[in-house]
Structures are given as structure tokens and as C-alpha cells.
Amino acid sequence: MQTRGRAAMTAVKAESAASDSALAGAPAARRLYREVAAAPAAPRRTVVVGPGGSGKSVLLDVLGAVYGAAGATVRRTVPEPAASPDENGVLLVDDAQLLDDAACERVRTWAAAPRSRVVLAHRPWPRGGVLASIAAEFGAGGGPVVLGPLDRSGVAARANLLVGERPTAELVDLVFEQTAGSPDLVDRLLVSLRDERALDRLGAGGEPPAAVVRQLGYEIEAQPAGVRELLLGRTVGAPVDPEILGALLDMAPGAVGDLLDRTAATGLMAPDGGVVPLVRHAVVRAVPAAHRQVLQRRLAEIQLDAGGSVLSAARGLIGSGATGARVAAAFERAGDEALRECLPVAGDLFDAAVAAGASPLALSARRAETALLAGDLDAALRRADQVLAEPDAVEGVAVARAVAVAAAVLAHRGLLSRSAELHRWLVSRGERSLLAVPALVGTGALDEAREVLAAAPGGTAAPTLMAGAEALLARGVHDTVAGTPTAALSQLTRAAVLLESSGRAALLPDTPAALAALVAIHCGELDVAQSVLGRAVAAGLGGRAAAARHLLVQGLVAMHRGAGAQARALLQSASGAGRLEPRDELFAAALEVGLARRAGDLAGLLAGWHRAREAVVRHPVDLFSLQPIGELVVGAARLNEQGWVRPYLDEAEALLDRLGNPPLWAVALHWSGLQAAIGSDAGALAQRHAAVLDGMAPTSRYATAVAAAGREWLRSLGGDVDADAVEAAARGLHAAGLSWEGGRLASQAAIRCRDRRSMNALLGCARACRAAPSHRPPLPPRPSRCAG
């Protein structure tokens, strides 16, 4: 007896474990199972509600096993009209939504018997009449048991059960995303992945196993026509809009809601109308491509007429070969949508519009902008030039857009003067753009820039992010030569922040982040420069075309800070992205020369100089290239190549003269000239640069630091070393962001110092200046300490 009792107990425990596992990941189902297992003889009237695939049938199977093990007679069909309730019977009814009213009444009668045990499962749709009243009666005590999608922990539980080991987080995420947590789909996908030994490959191409997709395809084909067409309509991008769906599916808008509920009840679509991704794959595979394209085209035309978004529908038509005026208009509208969101697909949509019959010239300006956003500067310039060649054949807004694109590309290629010419031509046609200001100021045309600023639209222009950024950029650049450094840096930084959420910064001749960083370097505010550039890189400001620009200016910041290794890494990252445009190549060459010079690497300096010679030839002098040109002037002196670089230095000084010698830009150039003169023993030239720096010393903290350093450097070279003054000047350079220069000043003075104690103090100062950390974490922008 005891042996038989132990065997029975073991069998019950095994059955319990198996039942519990079948409901893994479904807490509501497990709670009901445990209630029944704890008291199988207790009266029960329970409703279980859930869409197809939510586990209702599995739950009823488990409950049937529990009741059967307890000795009850389990009935899975509705009793016949003449049948009377069985005191030992349990009624488990699945798919109750399919019962007619008479069958529902027989279930009600059975449930009315004393100590009856009835569990009724149904989908959310259809539910009306007698079924609704029975469900209300059954749920009066505590509501129905609602089965829905699994969460990630539920998916993990099912995976652990079916795969036989703890799943990875990546597998759980991918299965959850593909199935939206539908228990049935989760199990199917996991079993298919397990059987195909593909548990670590899902997501590589975005395609689930073909076997489970085919299986689902057959089930979709077995659905009513309305459900199939709705799934297809949602798959090709139709919105959950009764008007759109009604027109697409040839049904009254009032009937769409009922069809949505019906389809959601199948479990193939979420209650919000979203098609489960795994089901979407099956729909695409099951429905012939021709039928799918017909529906996509019809959807695009319906949405075009309704004035709504056509992006999703038009995207699906790319490559379909669809042509005609209506399709071309849909592609064009979708391209405009994508361009506003700076989506890469915009270029494909405009190309498709042209292939469908749209005018190539009418779309050339927009295609040029999409090419610029994608970093294809050749295509951008070519398409913009098509508009500029026939300006009277297109709308004025297209001409302005083409000018902005062409001017931005030319600026990338070092032809800022040509950018300025384009803007002058646009002004001659009665159009004015604040984008002209950076190009005009950068090439020395300050009076023209002021005229553009004075004629700015003001309050009549739409207050968009781009308009605000253009205004801040224009005034910020103007203030670098005719205002205060503090105001310039503030406005440029704010322009960069404004554009962080907009990809249209590519239309600017330079990004406000890069210009703000250059201004910050000239103010000795390296933390501000690093912060604004870090945010720009993180936000992808300016798109692909500006990526190398930001990395290279970050490299300049690191070099000035004394972080040579970090600067080299940034240079390699920028150069590794492919061929650099002339402006970026100039900065890269200057960075290579500057790093080699500071490291005392003569071989590296020679290699960098060969690169620099070509870069300078390809890039005319402009205001925003003075930083790298100054670096090359110093490097040329180290190689005794002053004569080769002298014309560019003269051109830079002439540019500054036309702008009134603004201290923000002039100080850095004369500081480079002073270092070059010192390196080549050109005493008279060094004195001239030092005198200019002395005259500008009161204009900023940076100017004060380099002017003091210049005086002490020349005194030290003459043998008159004031150790205290040299140390103060060296520390001033370090504080102004010129760590290496501060260390070199102190070490050069130490060599000429006759007092050993003073010499040791200066050598210690040199070591301290050069011991700058290789990296400082980005700081939030703060007000500049540059004096106005």
C-alpha cells in the first residue's frame, strides 16, 4: 500500500511539474492553475479571455489534467439539450465566442447547478448577447482571467523551458520584438530557432526562420478576406484611420473598427493596430508581390489625396517600377517628408519620383540637399549646379536651396570665396540669406556682411530651429571681428545647441560647433571647445560631411592641451573615414605637423610637411583657416621653409587688415609668427610680432598671456632671464590652453639662466606645464572668461 501511495504521489508531483512548466511565463494562467490544483472540488465559474495564441487552450488542457487527476469527469464540449448537470463533472469550454445563443444558454444552465465547476474561454471578439451576459455573471466575483502578451521575463521563462538553458539577453530581446510577446508565437519561434540551430543568428539579416514564416503564412491565408486585407494594408503602411482604411479596403469607415477588433482577436495584430513583426514577415511572403504593390500604390494615392503622410506607402513602392504622375507626386511628397526628418531614404524617394516621371530639374535642389546630408559632396554640387545653370526654370525657393548646398560644399572644399560669390549672386536676384555672413566675413567682406545683417527678415521669417541657428551663427561670426569674444562664443555655442536636434546643419558653410570651438581655442577656453565639440559629435551635427571636421578640431583642442596621444587618435579617426575634403585635409596636415613638432619627431615633421604643402596649395586663405596656417608657419620655420609659407602668411595678414585686425583672430596668428621668427632667429620679425601682441594684450586673457610670454621669450633669448616673470608667463600660457608652449618657454629660459636655483625652478615649471592630463571629461558650456 505504501509503495502504491508513494507512486501515486510521485505521479501527481510529476503531473504538477509538467503543468506548471506548460504555463511558464504566464502569471495569470499559473495563478488559476494553482487555485484549481489546491482545491479541485471547489465550485468554480471562471471566464478566461485572450486573443488567439494567448494560451487559453493550453490553460484548459492543464486544468483538465488537474481535474482528471482529482477524479472529476471532464467535459470539453457544450452539453446536449437533454443532458443534466453532473455533480462530479467539470465543464471546460474553449472558443466560446463561436457558440450560438442556444449553446450559451445550456452552459448557463450547467453553471447554475449547485457546486458546478465551469471554465469558459473566449476571444475578445465577437462578444455579445448571451455570451456577454454569462461572462458578466461569471466575473461578478472577481473579474475574468485575462491572458495577454508575455513580457521579457515571460519570454525568458519560455526560452529556458524550450531551449533547455538560460537564454541570452539578446535572444530574449529579439524574440520579444519579433513576436510582441504572443505566447504561441514565442513558442513557435523558439522551437524553430532551436531546431535550426540558429539561436545565435536571429537578427543578422532581420529574417526569422523560413519554416515558422511559411507556417504562419498558411494560417493567414485561412483567415477571412477582410482580416487578410487589413493585415496587408497595415503591413504596407496604412494608418489606423477609418477613412484611409475604409477607402483602401472598400468598406464603410464605420465598419473599420469592428474589423480591427476582429483582427486583433486573432492575435496576429496588437490591440493598437500594429501588426506583429513575425506576422508581417509572413504576410509579405504569403501575399504575391504584384497584389502587395497594387495595394501600396492605392494607399499612396489615397493618402496623397487626403493630404496625409505617404512616406511609409511610398517607401514600399521604391524599386517596384511604378510610374505615372500620381505615383511621382507620391514619391515627391514622401521625399519631402523624409528630407524634413533628415532620413537617408529621401534620396531614394526623389530618385524614384524622377524615374516615375517627375521633372529632374524641379527636384534637383532637393536631391542636392539629400546628397549633402548623406555626405556625397560630388552629387550635391552637381545637382545644385543644374539648378544654378537654369535659375529661371525653377521656383525661387529651389534656387535658394541650391545656393545653400553649393556654398556649403564649396566651403568644405576650401573655396569660401566662391561661397561668398554665390551668396552675392543670390542677393542680386532679390534674395537675402544670413548664411552669406560667415562666407563674407571669412573672406574679408565685412561691410557686405553688415548689409546682409541689416537687411535680415527679422520678425517676418518663420521662427524655425534652422532660422534661429542661422541668425545666431551670422551674428556670432560677425562678433568675432566686430564684437566681443564673449558674445561671439555665446552665440555660436547657442547655435550649435539649437541644431543638435536638426540634421540640416549640413546646409551651413561651417557648423557652429566647429566655429565655436575655434573661437574658444583663441580665447584659451579649451573646456568650452571640448564640450561643444563633444555634444556635436554625439548628436551627429552636420551629418557625415561634418564628422571629420569635428574630429579634427577636437584633435586641435587635445594638442593644445598637451594630450598628444589623444590628438593622434582623433587624427587617425578622421583620416580613416576616406578621402578628406580640402578644408579637412588642411586641418589634418596642420595637426600632423604640430604633433610631430611638439614631439621632436623630425621624420614625422618632414612627412607631415609634404602633406601640408599640398593641402595649403588646395586651400586658399580664409579667416577660419588661420589656426592651421599659423601651425604650419611655425612648422615651416623648424624646417627652414619660411620662404615657401611666407606668401600665405602675408595673405592672412592682408585679410586681417581688411577686417580691421580683429584681436580674436589676429593674436593667434601673430603668436604663431613670433614663434616662427624665434625658431628661425629672425630677431627683427620677432620684435614686430611681439609689438603687435603687446598692443592687443588688453583685449583678452589669451592675448595678455601670449603678449607676456612673447616679451619674456625675447628677453630670455637676449640673455636677460627674470625667472619669476618667465614662470608667471609660462603658467599664463598653460592657463590659456597653450601647455606645450608654456613648458617650452620655461625650459628655454632655464637653459639661459645663470642661477642654479632659478634654473631648477624653471625646469620644474616646464615639467608642470607639460604634465597636462591626456583627457578631461567634457564639461557643459559655461560663460567664457575672455574679456571684451
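Definitions and cut-offs
- Residues numbered from 1 in each chain as written.
- Predicted model: local features only at pLDDT ≥ 70, side-chain atom pairs only at ≥ 80, totals over all residues.
- Heavy atoms only, no water.
- pLDDT = per-residue confidence, 0-100.
- Contact = heavy atoms within 4.5 Å.
- Buried < 20%, exposed > 50% of the residue type's maximum accessible area, 1.4 Å probe, protein only.
- Helix = DSSP H or I, 4+ residues; strand = E, 2+ residues; numbered from the N terminus.
- Pairing = 2+ DSSP bridges.
- Core = buried A, V, L, I, M, F, W, Y, C linked by side-chain atoms within 4.5 Å.
- Salt bridge = Lys/Arg side-chain N within 4 Å of Asp/Glu carboxyl O.
- Right-handed = clockwise from strand over helix to strand, strands pointing away.
- Polar contact = N/O pair within 3.5 Å; in protein donor to acceptor, adjacent residues only side chain to side chain.
- 1 Å grid on protein atoms, 1.4 Å probe; cavity = no way out; pocket = protein on both sides within 12 Å on 5 of 7 lines; lining within 4 Å.
- Points joined across faces, edges and corners; volume = space filled by probe spheres on them.
- Nonpolar A, V, L, I, M, F, W, Y, C, P; charged D, E, K, R; others polar.

Brief notes about the confidence of the model for the protein chain
Okay, step 1: Averaged over all residues, the pLDDT of the protein chain equals 89, while 93% of them reach at least 70.
Okay, step 2: Note that pLDDT drops below 50 for residues 1–17; the model gives that stretch 2 contacts with residues more than four away or on any other chain.
Okay, step 3: In the model, residues 773–788 has pLDDT below 50 throughout and makes 38 contacts with residues more than four positions away in sequence or in other chains.

Focus: the pairing of strand E1 (residues 44–49)
Okay, step 1: For E1, a buried count of 5 out of 6 residues is recorded, marking the element as mostly surrounded by other parts of the structure.
Okay, step 2: Sheet analysis places E1 next to strand E4 (residues 117–122), joined by 6 bridges and oriented parallel. The residue of E4 that forms the bridge with Arg45 is Val118.
Okay, step 3: Note that E1 and strand E5 (residues 145–146) share 2 bridges and pair parallel.

A closer look at the nonpolar core
Okay, step 1: One finds Leu63, Phe331, Leu372, Leu623, Trp665 and Trp671 to be the most contacted residues of the largest nonpolar core, which totals 243 residues.
Okay, step 2: If one sorts the elements of this core by residue count, helix H20 (residues 396–412) sits on top with 12 residues.
Okay, step 3: Discounting chain neighbours no more than four positions away, the residues touching Trp665 are Thr480, Val481, Val519, His522, Leu623, Phe624, Leu626 and Leu656.
Okay, step 4: Formed by 18 residues, the second largest nonpolar core is a distinct cluster that contains Val93, Cys104, Leu120 and Val130.

A look at the pattern of salt bridges
Close approach of charged atoms lets side chains of opposite charge pair.
Okay, step 1: Overall, the coordinates contain 40 salt bridges when judged by the stated rule.
Okay, step 2: A salt bridge links Arg613 to Glu641, with the shortest nitrogen-to-oxygen separation between them at 3.5 Å. Taken as a pair, Arg613 in helix H31 (residues 602–618) and Glu641 in the loop between helix H32 (626–638) and helix H33 (642–658) lie far apart in primary sequence, 28 residues in all.
Okay, step 3: Residue classification places Glu641 among the partly exposed residues on the basis of a relative accessible area of 24%.
Okay, step 4: Linking Asp720 and Arg715 is a salt bridge whose minimum nitrogen-to-oxygen distance equals 3.3 Å.
Okay, step 5: Accessibility expressed as a relative area gives 31% for Arg715, which makes it partly exposed.

Focus on the pairing of strand E3 (residues 89–93)
Okay, step 1: Within E3, 5 of the 5 residues are buried, which leaves it mostly tucked inside the rest of the structure.
Okay, step 2: With burial as the criterion, each face of E3 is covered, one bearing Gly89, Leu91 and Val93 and the other bearing Val90 and Leu92.
Okay, step 3: Judged from the 3 bridges that link them, strand E2 (residues 73–75) and E3 form a sheet pairing that is parallel. By the bridge assignment, Thr73 is partnered in E3 with Gly89.
Okay, step 4: Sheet topology places E3 next to E4; 3 bridges connect them, and they run parallel. Opposite Leu91, over in E4, you have Val118 as the bridge partner.
Okay, step 5: Traced from E3 through helix H4 (residues 101–112) to E4, the parallel crossover comes out right-handed.

Regarding the environment of Ser747
Okay, step 1: With respect to the helices and strands, Ser747 occurs in helix H38 (residues 739–751).
Okay, step 2: Each C-alpha atom, one on Ser747 and one on Asn760, is 9.6 Å from the other, the two residues being 13 residues apart in sequence.
Okay, step 3: For Ser747, the contacting residues outside a window of four places in its chain are Ala766 and Arg770.
Okay, step 4: Of the polar contacts made by the side chain of Ser747, one reaches the backbone oxygen of Arg744; its length is 3.0 Å.

Side note on the environment of Arg123
Okay, step 1: Here Arg123 is to be found in the loop between E4 and helix H5 (129–138).
Okay, step 2: Take Arg123: its relative accessible area is 26%, and that puts it in the partly exposed class.
Okay, step 3: Sequence separation between Arg123 and Gly50 is 73 residues; the distance between their C-alpha atoms is 5.2 Å.
Okay, step 4: Look past the residues within four positions of Arg123 in its chain and what remains in contact with it is Gly50, Pro51, Gly52, Lys56, Gln97, Ala265 and Thr266.

Description of the layout of surface pockets
Okay, step 1: Counted as a void, the second largest pocket has a volume near 550 Å³.
Okay, step 2: It is helix H8 (residues 183–195) that provides the largest number of residues to the lining of the second largest pocket, a total of 5 residues.
Okay, step 3: Classifying every residue of the lining of the second largest pocket gives 12 nonpolar, 9 polar and 9 charged.

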